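What follows is each chain in one-letter form.
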Amino acid sequence: MTTLWLDHRDVELRIEPGALVPYVAGVRQRSVPLRLLERVVIVGNCQFTASVLGALAEAGVAVAILSPRKSARRAWLMGPGHNDATIRLAQLAAAANPAFRRMEAHRLILAKVRRQLELVNDMRERRPDAGVSLKRAADILTGIHASLEAAAADDMDIDALRGLEGSASRAQFEALAAVLPPSLGFAGRHRRPPPDPVNALLSLSYTLLHHRAAQTAWAHGLDPLIGFFHELSHGRESLAADLIEPWRPEVDRWVWRLFAEQRLRKTHFHEGKAASGEPGASLPCYLGKAGRRIFYEAFESDLVAIFRALRLQVRALVRKIRQWQAEAANRMGRDA
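Residues numbered from 1 in each chain as written. Predicted model: local features only at pLDDT ≥ 70, side-chain atom pairs only at ≥ 80, totals over all residues. Heavy atoms only, no water.

1. Remarks on unusual backbone geometry
(1) Moving on: Despite not being glycine, Asp10 shows a phi value in the positive range, around 60°.
(2) Moving on: Structurally, Asp10 is set in the loop between strand E1 (2-6) and strand E2 (11-16).
(3) Moving on: Of note in this structure, Gln262 is not a glycine but carries a positive phi near 60°.
(4) Moving on: Residue placement: Gln262 occurs in the loop between helix H8 (248-260) and strand E10 (269-271). (Helix = DSSP H or I, 4+ residues; strand = E, 2+ residues; numbered from the N terminus.)

2. Considerations on the packing of aromatic side chains
(1) Moving on: Going through the model one piece at a time under the given rule, you end up with 11 aromatic pairs.
(2) Moving on: Consider the rings of Phe100 and Phe228, whose centres lie 5.3 Å apart with planes at 55°: the pair is tilted. Of this pair, Phe100 sits in helix H3 (residues 98-126) while Phe228 sits in the loop between helix H6 (197-219) and helix H7 (238-244), and the two are 128 residues apart along the sequence. Of the two residues, Phe100 and Phe228, neither departs from the other in class, the shared state being buried.
(3) Moving on: Linked through ring pairs, Trp5, Trp254, Phe295, Tyr296, Phe299 and Phe307 together constitute an aromatic cluster.
(4) Moving on: When the ring centre of Tyr206 is taken as reference, the NZ or CZ atom of Arg248 above it lies at 4.4 Å.
(5) Moving on: Over the ring of Trp256 we find Arg257, and its NZ or CZ is 4.8 Å from the ring centre. (Phe/Tyr/Trp six-rings, centres within 6.5 Å; stacked < 30°, edge-to-face > 60°. Buried < 20%, exposed > 50% of the residue type's maximum accessible area, 1.4 Å probe, protein only. Lys NZ or Arg CZ within 6 Å of the ring centre and 35° of its normal.)

3. Regarding the nonpolar core
(1) Moving on: In this structure, Leu176, Val198, Leu201, Leu222, Phe259 and Phe295 are the most contacted members of the largest nonpolar core, which totals 81 residues.
(2) Moving on: It is H6 that contributes the most residues to this core, 11 residues altogether.
(3) Moving on: Those residues in contact with Leu201, other than ones at most four positions away along the chain, are Val255, Leu258, Phe259, Leu264, Phe269, Leu287 and Phe295.
(4) Moving on: Within the second largest apolar cluster, 15 residues are counted, among which are Val11, Leu20, Val40 and Val63. (Core = buried A, V, L, I, M, F, W, Y, C linked by side-chain atoms within 4.5 Å. Contact = heavy atoms within 4.5 Å.)

Given below as C-alpha cells:
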C-alpha cells in the first residue's frame, strides 16, 4: 500500500476502471491502481468530481487536503471504518473511567520521555561540542523519567503528567536548538506561525503523522476524537494526538538528521507575509516546492517503522480496552 502525493498546479483527478489517473495541465500522467493506494494527499488546488471521491471511498482510500502555506489539514476523507460499533462503545466507557485514563496517559508519557532521553543521549554522543546544554537537558529528562517510573501507572494525576510532559519537551527542544546550525534560527518550539525552517518542518511532520494516527484508529473501530491524555476539544482528534505522543521524539530526531545531513537546507524555505492586522508579528516560514518534493519522499521512506508501530499500537489499545471492559463486566457480575 502506498501514498500518492499531489503537489502541482492545474491537477485534475479522473477515475478509470480500477485506477486513479492524475492529469497535469491537461496531460495524462501514469495511472495508479486503486488496490495499491492507501491514501491520497493533495497539497493546494486539485479538481475532481464527486464520482472520483466516491470511487476512492469505495476502494478504502483516505484523502487528505493540505494547505500549501500552512502546516494544517483543510479537509479529509478517512476511508472505511470498522463495522464493530461495540469497540467505540467500550472506548467511550474507558475514556470516562478516571483510573483507565490515568493508566493510559502514564504509559504514553513514560514512553515519550524515554525516547526523548534516548534522543538527547544520542545527541551527546554525536555532538560533544554542545555538551553543556545537552547535559542539562539530559539531567532534566533523567529526573522526569525516574519520577514517572516510580509512580504507579494509575496513580498520577493527568494534570501532573501534563506538567512533566511540558517540562520534558522544553528540555528536549533546548537540546535540539543546541545541535542545529544557528543559521536556521531555531530557539524552541513555536507553531502559529512557525517562524523558522525547523518549526515549519516539525509542524508539517506532526500534522501528517496525526492524520495517519487518526486514519489508523478509525480503521480499527476507534473514535479519533475521544482520547485519554488529551482532553476532549471541539474538532480535535484527541486520540490521534495521544497516539503520536510517544513518536514525536522520533520525528524530532528525523528532522534533526534531515538538516544535519543537508538533505534539506535553509534555501528550501521562504518567508511568507505577516497576518494582516498584526503589526510586529513574526513572519511565517514555509517549505518551498523543491523542498516539499524531498520531504514527501523522505517522509514515506524514512518513517516506515513508525507507521508500522502505530498500527501495532492501535491494535494493542483495542485489545486493552476489550480486556478492561471484560474485567469490569466480571466485577459487576460478582457484585450483583
